[in-house]
Amino acid sequence: GDSFGEYRQREKNTIRYVPSRDQFRQIAGVAAAQKVCIINAGYTYDAELLERLPEAFARCRVKKVDVNDLARNFDELSLEEREAAFDFLRLADVILQPYRCSADLRKFEPAELPTLYTANDAATFLRSVEQSKEVADELWSDILDGVAAEPAAGAFAQLCLNYNNGLIKRLTQIKNKPLIRRAVEMLYVQALLLGHYPLKAQEMSALSDGLLGLIELGLSANEKKSEKKP
């Protein structure tokens, strides 16, 4: 690996880091595809030490990077592609509304990654509060309602679906709404798991129902093929 001096020279004295190992796992592949070199500062005191680098190196700049920074560089679809996928994207947005999440369709690398979940600090905090409410008694639940009121107004979460991914592109072309619902919910939960977000009860239910639903769809398709055989 490069020494710190070589890293500084190559990156023109801009040190980019992510503050947690979970976030690093989620975005490392996307950052590499964008040729952005980031440091995993998810270990004890790493972030604090990095933030103090400008004190030792006058020209050194330190920037905390999150998934939203990388998502801003994703490519838009062409007009023709967006028109072809319009109905799918509108339906995906409706499907994700109960999860306080919107849907978008972009092109990004690596193509093997079908989705990327992004959330601002308010949305992440709100998730934490809502999870706490699920196990809290009535008194604490009322208190947590008050805690969540202000962040809820500015909370923003989005599931970005990757049009460069073959599975996503095929999904935008089908008209089977129940299958689209199952697939979008499962992709949403998978994106949360990749980001190491603990699942809420609603999302655990979507995972369980989605797995059973996809098995049912697979069995039904297999039975129909068997009936057609002479």
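Cut-offs applied
Residues numbered from 1 in each chain as written. Predicted model: local features only at pLDDT ≥ 70, side-chain atom pairs only at ≥ 80, totals over all residues. Heavy atoms only, no water. Helix = DSSP H or I, 4+ residues; strand = E, 2+ residues; numbered from the N terminus. Contact = heavy atoms within 4.5 Å. Areas by Shrake-Rupley, 256 points an atom, 1.4 Å probe, with all protein chains shown as cover. Pairing = 2+ DSSP bridges. Buried < 20%, exposed > 50% of the residue type's maximum accessible area, 1.4 Å probe, protein only. Polar contact = N/O pair within 3.5 Å; in protein donor to acceptor, adjacent residues only side chain to side chain. Expected span 1.5 Å × (residues − 1). Core = buried A, V, L, I, M, F, W, Y, C linked by side-chain atoms within 4.5 Å. Axes fitted to C-alpha atoms, helices over the stretch in contact; angles between N-to-C directions. Parallel < 35°, antiparallel > 145°, perpendicular 65-115°, else oblique. Left-handed = near helix turned anticlockwise from the far one by under 90°.

Peer 1: Quick question: what am I supposed to make of the overall build of the protein chain here?
Peer 2: A tally of helices and strands in the protein chain yields 12 helices and 6 strands. Contacts spanning at least 24 positions in sequence make up 71% of the contacts within the protein chain whose residues lie at least 6 apart. If you sum the accessible surface of the protein chain, you get close to 13,800 Å²; carbon and sulfur atoms cover 54% of it.

Peer 1: I keep staring at the sheet that holds strand β1 (residues 14-18) and nothing clicks. Help me out?
Peer 2: Taking strand neighbours across the sheet as the criterion, the 3 strands line up as β2-β1-β3 in an open arrangement whose pairing is parallel. What marks the edges here is a single partner per strand, and that holds for β2 (39-40) and β3 (61-64). Direction of pairing for β1 relative to β2: parallel, over a ladder of 2 bridges. Residue pairing across strands places Tyr17 opposite Ile39, the latter belonging to β2.

Peer 1: Which parts of the structure should I look at to understand the environment of Glu109?
Peer 2: The residue Glu109 is located in the loop between β4 (102-106) and β5 (115-119) in this model. Judged by relative accessible area, which is 40%, Glu109 ranks as partly exposed. Distance in space between the C-alpha atoms of Glu109 and Phe74 is 8.4 Å, their sequence separation being 35 residues. With near-sequence residues (within four places) excluded, Glu109 lies in contact with Val30, Ala33 and Asn164. A polar contact of 3.0 Å, which involves the side chain of Glu109, links it to the backbone nitrogen of Ala111. Among the polar contacts made by the side chain of Glu109, one reaches the side chain of Asn164 at a distance of 3.1 Å.

Peer 1: Please explain helix α11 (residues 177-194) as it appears in this structure.
Peer 2: For an α-helix the count is 3.6 residues per turn, leaving residues at separations of three or four pointing the same way. For α11, built from 18 residues, the straight-helix expectation of 26 Å at 1.5 Å per residue is met to within 8% by its first-to-last C-alpha distance of 25 Å. Taken as a whole, α11 has its buried residues at Ile180, Ala183, Val184, Glu185, Met186, Leu187, Tyr188, Val189, Ala191 and Leu192. With a side-chain oxygen positioned 3.1 Å from the backbone nitrogen of Leu179, the residue opening α11 is Asn176.

Peer 1: How should the side chain of Asn162 be read in this particular structure?
Peer 2: Residue placement: Asn162 occurs in strand β6 (residues 157-162). Judged by its relative accessible area of 0%, Asn162 is buried. When sequence neighbours within four positions are dropped, the list of residues in contact with Asn162 reads Arg106, Lys107, Phe108, Pro110, Ala111, Leu113, Pro114 and Ile168.

Peer 1: Help me understand the pairing of β5 in this model?
Peer 2: Two faces belong to every sheet, and in a regular strand the side chains alternate between them. β5 sits mainly inside the fold: 5 of its 5 residues count as buried. Across 5 bridges, β5 lies against β6 in antiparallel orientation. Bridging from a neighbouring strand, Leu116 pairs with Cys160 of β6.

Peer 1: Help me understand the side chain of Glu185 in this model?
Peer 2: In this fold, Glu185 is placed in helix α11. Among the residues examined, Glu185 registers a relative accessible area of 11% and is labelled buried. Other than its neighbours up to four places away in sequence, Glu185 contacts Ile95, Tyr99 and Ala206.

Peer 1: Please clarify how the nonpolar core should be interpreted in this entry.
Peer 2: General note: in soluble globular proteins, nonpolar side chains tend to be found buried as a group. Core analysis: the biggest nonpolar cluster contains 32 residues, and Leu96, Leu105, Tyr117, Leu159, Leu161 and Tyr188 have the highest contact counts within it. Elements represented by at least two residues in this core include exactly α7 (86-96), β4, β5, β6, α10 (166-171) and α11. Looking at this core element by element, the count peaks at 8 residues for α11. Ranked by size, the runner-up nonpolar core spans 14 residues in total, among them Val18, Ala71, Phe74 and Cys160.

Peer 1: What should I look at first to understand the packing of α7 against α11 in this one?
Peer 2: When two helices pack together, their arrangement is captured by the angle between the axes and the distance separating the axes. Contact geometry of α7 with α11 gives a least axis separation of 10 Å together with a crossing angle of 60°. If you check the angle between α7 and α11, you find them oblique. Relative to α11, α7 is oriented so that their crossing is right-handed. Residue-level inspection shows Phe88, Leu91, Ala92, Ile95 and Leu96 of α7 in contact with α11, the latter providing Lys177, Ile180, Arg181, Val184, Glu185 and Tyr188.

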